[in-house]
Amino acid sequence: MVSKSDQLLIVVSILEGRHFPKRPKHLLVVEAKFDGEQLATDPVEHTDQPEFATELAWEIDRKALHQHRLQRTPIKLQCFALDPVSSAKETIGYIVLDLRTAQETKQAPKWYQLLSNKYTKFKTEIQIGIALETDTKAPVDSFKAKGAPPRDGKVPASLSGLDPKDIVVVLNEEGGYHQIGPAEYCSDFFIMSVTIAFATQLEQLIPCTMKLPERQPEFFFYYSLLGNDVTNEPFNDLINPNFEPERASVRIRSSIEILRVYLALQSKLQIHLCCGDQSLGSTEVPLTGLLKKGSTEINQRPVTVEGAFILDPPNRAKQKLAPIPVELAPTVGVSVALQREGIDAQSLIELKTQNEHELQHSKKQVLTPIKEKTLTGPKSPSVSPVPPQNPSPPTKDDATGSEAESLQYDKDTKPNPKAIGPSIPASVAQPVPASHASETASGQKIAVPATSHHFCFSIDLRSIHDLEVGFPINCILRYSYPFFGSAAPIMTNPPIEVRKNMEVFLPQSYCAFDFATLPHQLQDTFLRIPLLVELWHKDKMSKDLLLGIARIQLSNVLSSEKTRFLGSSGEQCWRQTYSESVPFIAAQGSNNRIMDLSYTVTLEDYGLVKVREILVSDSSQGLSAMQQKPPSVPPAPCPSEVQTEPRETLEYKAALELEMWKEMQEDIFENQLKQKELAHMQALAEEWKKRDRERESLVKKKVAEYTVLEGKLQKTLIDLEKREQQLVLAESEVQRERKELKLERERNLQELQDSIRRAKEDCVHQVELERLKMRQLEEDKLRLQQQLNDAENKYKILEKEFLQFKDQQSNKPEIRLQSEINLLTLEKVELERKLESATKSKLHYKQQWGRALKELARLKQREQESQMAHLKKQQEELEQMRLRYLAAEEKDTVKTERQELLDIRNELNRLRQQEQKQYQDSREIASGKLDSPRGNALEEGLDDYLTRLIEERDTLMRTGVYNHEDRIISELDRQIREVLAKNNASN
């Protein structure tokens, strides 16, 4: 036991995420895995900023933590998108945390970006914090994870002190078992095994639009057994899955009551059919039936839950597919067994064949050995067997219909018969299994069903013509069609030479095949498989060369006209004949035509085949003959006998015995050949049945899909009929409106023609009126022209009289004075304008001067404040130097202010002189022109000057820089007093 202070918790805080795409129908789950123990967060909504707000914790001591840090054990977090409808989990990305970054001090959480992010357009991140905390809970010897609280389960009264959270699975590597529940309650050992026996109709999980390639990927079943990932042996054929039944078992240390509670909490075992990392379908096996309440069956025998469970595709709800009939539903056979350790149980699985003929006879049960997996080691991500690599072609055992038949074949070393004879193809062979006891007594029998027809198919390759190559060829034709009962090639013989622009008839080119099969199988085979006729060039100096291949579509004969004829027994038969020419296409290079082949095919149907049974003689007779004791040798003749019978001689008896042995060996050899022939035919029949079942399952699937499509098509047709009716009504409405528009157009056209005619008549009338008006206007024009000439003459006379009057008036003095007055008025206006502009400029200068004074005062105050601060800082150390510096600074400031005042004074004097000059000019102009207003103008000038001086003084005083004792203010007061004195003297 470790001390309390050495027990720690590794706490991973999963807080929130960002930059996630919105998926309303999905949930987000984060699973954390550390040292084989896996914990998960609660599902949250798949939004752009999901909030997990979950802490996951593992219990560990300091010694184990030190080891994990030395080994750099990571903590892997995987993010999944969960579909709640189909329970399908879709991997989004993962994050790897370094355990060495976990400290016992509190650290701020960080944002981690998802690796291998499925959402490539989003920079998805999750905020995660990792820390170490001291575990205040009582420590436990074993290392285990603190899982999320289990679902509600009732704990029995005998386990009243047990918390359902403590019922977890812990791996004990040293003991080789999994412990469920606390150690003090675990006293018994159990074996739990899961067996996947068979699977059917798996092709229903693949959409019809997906074509299965010839080399399919590997498929396998996957499930998790007490935290161990288990997969069975991969297989490639979904239509006829062929895999060995496999059992995965685990050893459990627990008690019956704890196991019952655990199975109530973990009530289902989920099994997935996978292809790579994608789940094609899944099913759930209920585990609650293993240990029922109050049941003691497990003490006497193993308890099992077995059956065929339907596989549901993960996107069934998303695609909204039509429900599949029960007989076509994909299923998997699963058996889950639980037993006490020490109770033996036979691990046998009954493989039940679904042959129709076996339903009529006694059912045959075959005990098949099961590949066993025992999961007792440490947990691993997956336990997957490696499929055996067998590149060799299939043997007899591989060709049999099931594993049971292969075992029976190995046991008895007697192959079952396969077909009636070489003329009956594998598609017709329907073997009837017999019991082993009857095989030695009555032999083996093969039955042909009564639904088969006897057909005779003949092929006549008539001639070849229209050679396209530039050299003569020495050719033979070759073809093979195994459906007719023989895979041996049929060839024409001897080779014939063909040249350009010639037609050659082929020798020995007719061949007929008698066989029995079902009509729909014949039609299906002819439609799918064409007859390929090969054109070979025979050359004595080199190898035979394949020039081209002609494809003969045998289904054409089925569409030709049927003719009736009578058979040899008088029964009614049918014959169909078809003839045409097909081209030979080059086998290599470009698909160019080489020549044409003319052929004729005939199909004769002799009707149904009667049910016949063929009895195969057993080789036991020959073997018994070998075991017979040879006859005894007669005694040697006496020397006294002169003559001996020839048949009594030793030579004759030896020759007779040799001949009898030869005949017996010939019979044995013939029987063995017949048995081998029947074995091969049986293999072909089983292969045909297998392919026929595959085709039948595909046809059923297609029929189900076509039924759904037919319903959709019916609905579409009804909609189309409604639309057609609507279109008919709309068309009739359009025709009616078209007629109305045509009538309206004709009426409008008639009205337009009438209006045009009336407009023409009005125009003619208006033209005549305008012409009359024009004549009248011309007469008025002539009359007015005459009046205008008279008026011009009168105007000329009056203009002459006006000029004479003007000359007389210009010589008077009043006119001259008026002109001078006008000139003086203009000059006065000009002078007033100049005076106004000067006044405006004066005001502008005054404002600039005031701004300069304010700026000067502000600068002076700022300088004084800065100097005072500087002086206060160095007051103790440099008192004498500060005084001298202040004196010098004051002196410089006074000089600067004096200079500025002098500049301002000069500017004022210049403005004053300019103002005086303007006043003098105005007085001179006023005195030179008008003497009467001189006194008034002078008084107005003094008043303006006085007002200006007062304003300047007030402006300087308002700045705060000057007072009444300053020189410039005293000068302004003096000038104001002088102006006031002048003004009083003038008054």
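Nothing here was measured: the structure is a model prediction, and the numbers come from that model. (Residues numbered from 1 in each chain as written. Predicted model: local features only at pLDDT ≥ 70, side-chain atom pairs only at ≥ 80, totals over all residues. Heavy atoms only, no water.)

1. Some remarks on the overall build of the protein
Scanning the protein for helices and strands turns up 14 helices and 35 strands. The burial tally for the protein puts 33% of its 987 residues in the buried class. When contacts within the protein are restricted to residue pairs at least 6 apart in sequence, long-range pairs at least 24 apart make up 70% of them. (Helix = DSSP H or I, 4+ residues; strand = E, 2+ residues; numbered from the N terminus. Buried < 20%, exposed > 50% of the residue type's maximum accessible area, 1.4 Å probe, protein only. Contact = heavy atoms within 4.5 Å.)

2. Here's the deal with the pairing of strand β7 (residues 88–98)
As defined by bridge partners, strand β6 (residues 74–83) adjoins β7 across ten bridges and the pair is classed as antiparallel. Note that in β7 the partner of P74 across the bridge is D98. Between β6 and β7, which pair antiparallel in sequence order, lie four residues; one of them, S87, sits at a positive phi of approximately 60 degrees. (Pairing = 2+ DSSP bridges.)

3. Thoughts on the nonpolar core
In this structure, F221 and L338 are the most contacted members of the largest nonpolar core, which totals 48 residues. Elements with a contribution of two residues or more to this core: β13 (188–200), β14 (219–225), β16 (246–254), α2 (256–265), β17 (268–275), β18 (278–286), β19 (303–310) and β20 (331–340). Counting 40 residues, the second-largest nonpolar core is a separate cluster that includes C511, F526, L554 and L597. (Core = buried A, V, L, I, M, F, W, Y, C linked by side-chain atoms within 4.5 Å.)

4. A closer look at the pattern of salt bridges
All chains considered together, the criterion is met by 36 salt bridges. Residues R62 and E104 are paired through a salt bridge, measuring 2.8 Å at the closest nitrogen-oxygen approach. Remark: E104 occurs in the loop between β7 and β8 (110–113) and R62 occurs in helix α1 (residues 62–70); sequence separation between them is 42 residues. The exposure class assigned to R62 is partly exposed, which follows from its relative accessible area of 35%. (Salt bridge = Lys/Arg side-chain N within 4 Å of Asp/Glu carboxyl O.)

5. Quick notes on the packing of aromatic side chains
Counted under the stated rule, the structure contains 19 aromatic pairs. Ring geometry for F483 against F484: centres 6.4 Å apart, planes inclined by 55 degrees, an arrangement best described as tilted. Residues F483 and F484 agree in their burial class; the two are buried. A connected cluster of aromatic rings, assembled from ring pairs, spans F455, F457, Y481, F483, F484, F513, F515, F526 and W688. Here the guanidinium or amino end of R18 rests over the ring plane of W111, the centre of that ring lying 3.9 Å away. (Phe/Tyr/Trp six-rings, centres within 6.5 Å; stacked < 30°, edge-to-face > 60°. Lys NZ or Arg CZ within 6 Å of the ring centre and 35° of its normal.)

6. Details of a negative patch on the surface
A contiguous patch of negative charge, built from E659, E663, E666, D667 and E670, is present on the exposed surface. Along the chain, D667 turns up in helix α10 (residues 650–810). Looking at D667, the relative accessible area reads 43%, which means it is partly exposed. (Patch = residues over 30% accessible without salt bridge, like charges linked within 9 Å, V, L, I, M, F, W, Y side chains within 5 Å. Areas by Shrake-Rupley, 256 points an atom, 1.4 Å probe, with all protein chains shown as cover. Lys, Arg positive; Asp, Glu negative; His and termini not counted. Charge placed at Lys NZ, Arg CZ, Asp CG, Glu CD.)

7. Thoughts on the sheet that holds strand β15 (residues 228–231)
The strand order across the open sheet formed by four strands is β15-β14-β17-β18, and the pairing between neighbours is antiparallel. Strands with a single pairing partner mark the edges of an open sheet, and in this sheet they are β15 and β18. With direction set aside, neighbouring strand axes in the sheet form an average angle of 25 degrees. Pairing analysis gives five bridges linking β14 to β17, with the strands arranged antiparallel. (Axes fitted to C-alpha atoms, helices over the stretch in contact; angles between N-to-C directions.)

8. Some details on a nonpolar patch on the surface
Residues Y652, L656 and M660 make up a contiguous nonpolar surface patch of roughly 300 Å² in combined accessible area. Note on placement: Y652 falls in helix α10.

9. Some thoughts on helix α11 (residues 813–873)
An α-helical segment advances 3.6 residues per turn. Residues three or four places apart therefore align on the same side. The terminal C-alpha atoms of α11, which comprises 61 residues, lie 91 Å apart, in line with the 90 Å expected from a rise of 1.5 Å per residue. Three or more residues of α11 are buried, namely A838, K846, W849, G850, L853, A857, Q867 and L871. (Expected span 1.5 Å × (residues − 1).)

10. Some thoughts on the pairing of strand β26 (residues 486–491)
In terms of strand pairing, strand β25 (residues 473–481) meets β26 through three bridges, oriented antiparallel. The partner of R478 across the bridge, within β26, is M491. Between β25 and the antiparallel strand that follows it, β26, lie four residues; G485 among them carries a positive phi value of about 110 degrees.

11. Quick notes on α2
The buried fraction of α2 is high, at eight of ten residues. Inspection of α2 places I256, I258, L259, R260, V261, Y262, L263 and L265 among the buried residues, and these make up the whole buried set. Residues of α2 that are buried make contact with β11 (169–172), β12 (177–180), β13, β16 and β20.

12. Remarks on the confidence of the model for the protein
Put simply, the protein has an average pLDDT of 77, and 77% of its residues get 70 or more. Looking at the elements of the protein, mean pLDDT is at its lowest for helix α7 (residues 436–442), recorded as 33, and at its highest for strand β2 (residues 27–34), recorded as 93. Within the model, pLDDT remains below 50 along residues 376–448, and this stretch shows 159 contacts once partners closer than five positions in the same chain are excluded. (pLDDT = per-residue confidence, 0-100.)

13. A word on the state of the cysteines
One pass over the structure, following the stated rule, counts zero disulfides. Free cysteine: C456, not disulfide-bonded; nearest cysteine sulfur from C511 at 9.6 Å. C456 sits in the buried class, given a relative accessible area of 12%. (Disulfide = S-S within 2.5 Å.)

14. Some points on unusual backbone geometry
Here the amide bond leading from N493 into P494 is cis, since omega sits at 0 degrees, within 30 degrees of zero. Here P494 is to be found in the loop between β26 and β27 (496–498). We note that A53 has phi near 50 degrees; this positive angle belongs to a residue other than glycine. Its location among the elements puts A53 in strand β5 (residues 51–61). Non-glycine residue D466 carries a positive phi angle of around 55 degrees. By the element assignment, D466 lies in the loop between β24 (453–465) and β25. Residue class for D466 comes out partly exposed when judged on its relative accessible area of 41%.

15. Focus on the side chain of S254
With respect to the helices, strands and loops of the structure, S254 is situated in strand β16. A residue is classified by how much of its surface remains accessible, and S254, at 0% relative accessible area, is buried. Not counting the four nearest positions on each side in its chain, S254 is found in contact with I180, C186, S187, D188, F190 and L259.

16. Structural notes on the environment of Y119
Note that Y119 resides in the loop between β8 and β9 (125–134). Y119 sits 27 residues away from I92 along the chain, and the two C-alpha atoms are 7.2 Å apart. Not counting the four nearest positions on each side in its chain, Y119 is found in contact with P21, R23, H46, A81, I92 and T124.

17. Section: the environment of V170
Summarising the element assignment, V170 is placed in strand β11. Sequence separation between V170 and G181 is eleven residues; the distance between their C-alpha atoms is 8.3 Å.

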